[in-house]
Amino acid sequence: MTSKERFRAAVEHRQVDRIPCDFSATGNMYEILRKHYQFTDYEQVREHFCADLRLAFPVYNKKKLDDYIDSDGLRVEETMYGYRQKWYPTGAECCPMNLDFPWDFADKAEDIVCFDWLRADHFDYDCFKREVDSYRDKAVGIGGPGMYQYSTFMRSAENLYMDMALNPDLAKAIYNKFVDFELEYYERQFIAADGQIDYLLCNDDYGTQISMLFSVPMWREFFKDNTKKMADLAHKYGAYYMQHSCGAIRPIIPELIDCGVDILNPLQKVQGLEPEGLQKDFGGKIAFCGGIDTQWLLPGGSPQEVQEECRRFIDCLGQNGGYILGPSQGLQTDVPIENVEALYNVLR
């Protein structure tokens, strides 16, 4: 099987020649692996670990975005969405923090509707098509932040949560603004790729490590219709819809299935997302991707423990398709290389 065939068979719960796998890592971790194996680029890293999935992105080309070192010696960058972020070192990695929230001025839905914002024609789709073509027989995806994820960067979380409770029209206008953009933006990519896209991925973190961020009725009110629109768009072009959400989101898995979500990612190690329970309650209704713990197991476990956990997930979720092996988050620099090898050696 090619990677594309293997991925599609797994999502459709059919037998595969081997479990398909996803590989994701931070930029620093990619660089560590590249140097360790003496590779020249990151694609060689993905090939080394037999990764079946690839993501392709159009290039933003409306204007040059500011990117500079501030007086504290820290990098500040302007995003295409209009907010600025500052990168803070945490030791081995750097993490961004917002410097501003462009939509914090809004107090009614009309303020958001009239806001002159990012458009789908601000991107280069010819360059995108060349990237898609370069992946040949891989399972090619498109995607990025979802309606909730980036809303929290455009409007501060405390304001957004108060909107959802006390000013729902404003909250809905914010989420709808993102979805209206994304529907056109991703459709342009589907058209440009001419049938080569296998999945659409949207990243929205609806959970903490112990619970949902909001109730199921509130999720249903603010996110269900728009999730269904995104899934319908993927299906229109013969692709699958992959919903990313960190946290303890088991309560909304039936809702996601009802929306037409095909794949759930990344399966953090939290209560309710144990592979045995997922298979018992949702096996055959949705495929799963990820699950190999990056918080404790991969950084601190032994290679044998990593392989045992991989086999547990494969045995529970992948006997008749329905599972894509991968880490529960992008691999960071605290993961020993021997544990990365252990994760993917299960497939070999």
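Residues numbered from 1 in each chain as written. Predicted model: local features only at pLDDT ≥ 70, side-chain atom pairs only at ≥ 80, totals over all residues. Heavy atoms only, no water.

Colleague: Report on the environment of H122, specifying residues and quantitative values.
Modeller: The topology assignment puts H122 in the loop between α4 (109-113) and β7 (123-124). Placed 46 residues apart in sequence, H122 and V76 show a C-alpha to C-alpha distance of 22 Å. Ignoring any residue separated from it by four or fewer positions in sequence, one finds H122 in contact with V59, Y60, N61, K62 and W117. (Helix = DSSP H or I, 4+ residues; strand = E, 2+ residues; numbered from the N terminus. Contact = heavy atoms within 4.5 Å.)

Colleague: Run through the side chain of D293, naming residues and quoting values.
Modeller: By secondary structure assignment, the location of D293 is in the loop between β12 (287-292) and α12 (297-300). One buried charge, D293, has no salt-bridge partner; the nearest side chain with opposite charge is K269, at 6.0 Å. For D293, the side chain forms a polar contact with the main-chain nitrogen of W296, separated by 2.9 Å. In this view, D293 contacts K269, L298, P299 and S328; residues no more than four positions away in its chain are not counted. (Buried < 20%, exposed > 50% of the residue type's maximum accessible area, 1.4 Å probe, protein only. Lys, Arg positive; Asp, Glu negative; His and termini not counted. Salt bridge = Lys/Arg side-chain N within 4 Å of Asp/Glu carboxyl O. Polar contact = N/O pair within 3.5 Å; in protein donor to acceptor, adjacent residues only side chain to side chain.)

Colleague: Provide a residue-level description of the environment of K285, including the pertinent values.
Modeller: Residue placement: K285 occurs in the loop between α11 (275-282) and β12. Residue K285 is classed as exposed on the basis of its relative accessible area, which comes to 53%. With 143 residues separating them in the primary sequence, K285 and I142 have C-alpha atoms 23 Å apart.

Colleague: Describe a nonpolar patch on the surface, listing the residues and the values that go with them.
Modeller: On the surface, Y88, M97 and L99 cluster together into a nonpolar patch covering about 280 Å² of accessible area. Secondary-structure assignment places M97 in strand β6 (residues 94-98). (Patch = residues over 30% accessible without salt bridge, like charges linked within 9 Å, V, L, I, M, F, W, Y side chains within 5 Å. Areas by Shrake-Rupley, 256 points an atom, 1.4 Å probe, with all protein chains shown as cover.)

Colleague: Describe unusual backbone geometry, and please don't skip the residues or the numbers.
Modeller: Among all residues save glycine, negative phi is the norm, and among peptide bonds the norm is trans. Residues N265 and P266 are joined by a peptide bond in cis, for which omega reads 15°. With respect to the secondary-structure elements, P266 resides in the loop between β11 (263-265) and α11. One non-glycine residue, C50, lies in positive phi territory at about 60°. Here C50 lies in the loop between α3 (42-48) and β1 (53-55). Positive phi outside glycine occurs at D194, with the angle close to 55°. Topologically, D194 is positioned in the loop between α8 (168-193) and β9 (199-203).

Colleague: A description of the pattern of salt bridges should follow, citing residues and the corresponding values.
Modeller: For the coordinates displayed, the defined rule picks out 34 salt bridges. Here D198 ties to K4 by a salt bridge, and the two come within 2.6 Å at their closest N and O atoms. Pair noted here: D198 is in the loop between α8 and β9 and K4 is in helix α1 (residues 3-11), with a separation of 194 residues, a long-range link. Among the residues examined, D198 registers a relative accessible area of 1% and is labelled buried. For K4, a relative accessible area of 22% puts it in the partly exposed group. The residue D111 makes a salt bridge to K108 at a minimum N-O spacing of 3.1 Å. The class for D111 is buried, based on a relative accessible area of 18%. The exposure class of K108 is partly exposed, given its relative accessible area of 41%.

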